[in-house]
Amino acid sequence: MPSSNRRTFLGASTAVGLGALVGFGNVRSGDAVAETIDPDQSLDEWLVTANDPHTPTVRDFRFDDPPTVYLDVSGSKSFSPPAIKIEPETTVTWEWTTEDREHNVVAADGTFDSGSPVSGAGTTFEHTFETAGTYRYVSEPEADAGMKGVVVAEPVPSSEYPAVDEWLADTNEYDGTITDRTGETLVEIATGADGNGGHFAFDPHAVQISPDTTVRWRWTGNGGGHDIAFEDVDVSTDSISVAPGVHFEHTFGEPGVYRYACRPHRGIGQRGAIVVT
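Residues numbered from 1 in each chain as written. Predicted model: local features only at pLDDT ≥ 70, side-chain atom pairs only at ≥ 80, totals over all residues. Heavy atoms only, no water.

1. Re the sheet that holds strand S12 (residues 148–153)
Applied cut-off: Only when DSSP finds a minimum of two bridges between them are two strands counted as paired. Here a strand is any run of E in DSSP of at least two residues, a helix any run of H or I of at least four, and the numbering for each starts at the N terminus.
Across the sheet, which stays open at both edges, the five strands sit in the order S4-S7-S12-S11-S9 with mixed pairing between neighbours. Each of the sheet's edge strands pairs with one partner strand only, and the pair in question is strand S4 (59–60) and strand S9 (106–107). Relative to S12, strand S11 (residues 133–138) runs antiparallel, the two sharing six bridges. The residue of S12 that forms the bridge with Gly-133 is Ala-153.

Listed below in structure tokens is the structure:
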């Protein structure tokens, strides 16, 4: 039997589709949960309605320790963070932070359930997500107020270069593919290409080249101002440019992995990598 301050659900997880969870207005009757699914609302639209004004995007924990999600921080009637990404077979812990309000953690499809709402700071519930999928959940008493969350279980993209995989894991649907341009003396990369919710991508965003190859970045003129700044070497543009055209190039002499980003849009995924072999 679980202790009074810890409940663990050990059943197998199954994926919830990307339709939105918009109403858990009726608290459980026994173990049942009343739910309404809107198949036309995207995950992004659904996250905007979660009662957390800070993080409408999904935080990636696949390269960190297993995450803890906190309930009702400072009386916010929200999960913090409300949206996380993990690798399958990761255990997520939810921790209560207040004494005076009752909450629970209930999956939209019933795959995990902490039980009836309870109060008590330090109370925890955990669940291991064994399979990939998108898992939406709520605290039933405050669901209509926006106390909703989501866990995305998704494998890390895999190539021969782990540093590239981690750098680009949440970038423009990176799937581990590195474009092979070895043997060429000049390679061009579009800056401000379509991606990451606008024109905030490099195309291609991961390129393998030979030593002594020159890489040229050509601005598309879309997505506002962009620049280039490398993480692994002291190489960058002098300024942010908006107009279309070539505003930067660099010749790579030494083998290695060179990660870079557009500084104004780094946080939303405008990152790239050059692999010199």
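2. Remarks on the sheet that holds strand S18 (residues 229–230)
Judged by pairing direction, the sheet is mixed, and its five strands sit side by side in the order S13-S16-S21-S20-S18 without closing on themselves. Every interior strand has two partners, whereas the edge strands, strand S13 (179–180) and S18, have only one. With four bridges connecting them, strand S16 (residues 206–209) and strand S21 (residues 271–276) associate as parallel partners. Its bridge partner lying in S21, Val-207 is registered against Ile-274.

3. Focus on the pattern of salt bridges
Opposite charge on two side chains permits pairing when their charged atoms draw close. Put simply, the rule reads: Criterion for a salt bridge: a side-chain nitrogen of Lys or Arg within 4 Å of a carboxyl oxygen of Asp or Glu. Exposed residues in this analysis have more than 50% of their type's maximum accessible area, buried residues have under 20%, and partly exposed residues fall in between, with area computed by a 1.4 Å probe over protein chains only.
Counted by the stated rule, this structure contains 13 salt bridges. The salt bridge involving Lys-85 is made with Glu-154; its shortest N-O contact spans 3.5 Å. In this pair, Lys-85 sits in strand S7 (residues 83–86) while Glu-154 sits in the loop between S12 and helix H2 (162–168), placing the two residues 69 residues apart along the sequence. The exposure class of Lys-85 is buried, given its relative accessible area of 11%. Notably, a salt bridge pairs Arg-181 with Glu-184, separated by 2.9 Å at the nearest N-O pair.

4. Here we look at the packing of aromatic side chains
For any pair of aromatic rings, the description consists of the separation of the ring centres together with the inter-plane angle of the planes. Heads up, the condition is: Working definition: rings of Phe, Tyr and Trp (its six-membered ring) pair if their centres are within 6.5 Å, and the pair is stacked with planes under 30 degrees apart, edge-to-face with planes over 60 apart, and tilted otherwise.
Inspection of every chain in the model, using the stated rule, returns 15 aromatic pairs. Ring centres of Trp-94 and Tyr-137 lie 5.3 Å apart, and the angle between their planes is 80°; on these two criteria the pair is classed as edge-to-face. With Trp-94 in strand S8 (residues 90–96) and Tyr-137 in strand S11, the pair connects residues that are 43 residues apart, well separated along the chain. For Trp-94, a relative accessible area of 0% translates into the label buried. An aromatic cluster of three or more residues is present, and its members are Phe-79, Trp-94, Phe-112, Phe-125, Phe-129, Tyr-135 and Tyr-137.

5. Comments concerning the layout of surface pockets
To find leftover empty space, a probe the size of one water molecule is rolled over the atoms. Selection criterion: In this analysis the probe radius is 1.4 Å and the grid spacing 1 Å, with only protein atoms considered; a cavity is a set of points the probe fits into but cannot get out of, a pocket is an open set with protein on both sides within 12 Å along at least five of seven lines, and lining residues have an atom within 4 Å of a point. Grid points are joined across faces, edges and corners, and a volume is the space filled by probe spheres set on the points. We call Asp, Glu, Lys and Arg charged. Ala, Val, Leu, Ile, Met, Phe, Trp, Tyr, Cys and Pro are nonpolar, and the rest, Gly among them, are polar.
By volume, the largest pocket amounts to about 1,200 Å³. For the largest pocket, the lining is made up of 34 residues, of which Thr-57, Val-58, Lys-85, Asp-170 and Thr-171 are closest to its centre. Counting only elements with at least two residues in the lining of the largest pocket, the list comes to helix H1 (43–48), S4 and H2. At four residues, H1 tops the list of elements feeding residues into the lining of the largest pocket. Considering only residue class, the lining of the largest pocket consists of 16 nonpolar, eight polar and ten charged.

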